[in-house]
Amino acid sequence: MGFILTCALLIVVIGAAKTSDGDDSLTYKNCRDSLCARRADGNYGIKDAPNHFVSCVNKKAYCQHCWPSTLVYKEECNQCTYTLKDECQTTHAIVAPPRREGDKEIICPDICVKKGPKFDGNIANPNYKGHYVACWKGMTVGCIDCPGDLLFNEKEQACLYDGKFMTEPMKN
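Residues numbered from 1 in each chain as written. Predicted model: local features only at pLDDT ≥ 70, side-chain atom pairs only at ≥ 80, totals over all residues. Heavy atoms only, no water.

An unreviewed UniProt entry annotates the protein chain as Chitin-binding type-2 domain-containing protein of Clytia hemisphaerica.

This is the structure:
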């Protein structure tokens with residue numbers, strides 16, 4: 001019984017290791033700058049590798065795989081989905097609640113690719129100070145609304161009062 005349990009555990013560990021980010025089998029082997037030769041900066045599907053996409057930055061190609069690797073890249077959504085028939089999830093306009101800058105439609109800009117394919121973090125939304133753009137591995141995964149009247153501070157990676165204070169400033 002102990003031998004069977006040990007073998008089963010070993011199979012699970014080996015299987016997990018084969019699907020980790022460091023696994024070479026998930027790397028697109030034909031990644032070359034020619035994939036971006038006539039393309040603007042952005043993300044594009046790779047015809048012979050539906051589970052991968054290429055991020056083009058200044059005509060340089062950065063190939064990435066969808067995560068989990070069973071997803072397929074859907075170019076019109078700029079995201080990985082379960083099937084190419086699935087609806088896009090993060091490319092719809094976001095309507096923000098009233099803010100100091102007025103009540104206007106806020107578009108979630110796809111700006112994470114500009115930070116490179118390994119960037120994880122948040123970027124201030126250049127169109128609206130009360131939002132930030134969430135990035136994972138150089139991909140835009142959505143825009144997040146700061147609570148209340150807080151404004152996003154990119155350096156602090158936080159929504160703050162007036163964009164600078166952790167606690168609400170005292171009013172005179």
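Caption draft 1: Representation of the state of the cysteines. Here the structure, examined in full by the defined rule, presents 5 disulfides. C66 shares a disulfide with C80; S-S distance 2.1 Å. Between C66 and C80, the disulfide has an S-S torsion of -75° and is therefore left-handed. Here C66 is found in the loop between β3 (60-65) and β4 (72-74), whereas its partner C80 is found in strand β5 (residues 79-81), with 14 residues between them in sequence. Summarising the burial analysis for this pair, C66 and C80 share the class buried. (Disulfide = S-S within 2.5 Å. Helix = DSSP H or I, 4+ residues; strand = E, 2+ residues; numbered from the N terminus. Buried < 20%, exposed > 50% of the residue type's maximum accessible area, 1.4 Å probe, protein only.)

Caption draft 2: Looking closely at the sheet that holds β3. In spatial order, the strands read β1-β2-β3; together these 3 strands make up an open sheet with antiparallel pairing. Edge positions in the sheet fall to β1 (42-45) and β3, since each has one partner strand and no second. Shown here is a sheet whose adjacent strand axes are inclined to one another by a mean of 30°, direction ignored. Pairing of strand β2 (residues 52-57) with β3, which is carried by 6 bridges, proceeds in the antiparallel orientation. Across the sheet, the residue bridging to V54 is C63, located in β3. (Pairing = 2+ DSSP bridges. Axes fitted to C-alpha atoms, helices over the stretch in contact; angles between N-to-C directions.)

Caption draft 3: Spotlight on the packing of aromatic side chains. Taken as a whole and assessed by the stated rule, the structure comprises 2 aromatic pairs. Ring centres of F53 and Y73 lie 4.7 Å apart, and the angle between their planes is 25°; on these two criteria the pair is classed as stacked. With F53 in strand β2 and Y73 in strand β4, this pair connects stretches of sequence that are 20 residues apart. Taken individually, F53 and Y73 each receive the classification buried, so the pair is uniform in this respect. Ring centres of Y132 and F152 lie 4.5 Å apart, and the angle between their planes is 25°; this geometry places the pair in the stacked category. With Y132 in strand β9 (residues 131-136) and F152 in strand β11 (residues 151-153), this pair connects stretches of sequence that are 20 residues apart. A relative accessible area of 16% places Y132 in the buried class. Judged by its relative accessible area of 9%, F152 is buried. Directly above the aromatic system of Y62 lies the positively charged group of K60, at a separation of 6.0 Å from the ring centroid. The residue whose ring lies beneath K115 is F119, and the NZ or CZ to ring-centre distance is 5.5 Å. (Phe/Tyr/Trp six-rings, centres within 6.5 Å; stacked < 30°, edge-to-face > 60°. Lys NZ or Arg CZ within 6 Å of the ring centre and 35° of its normal.)

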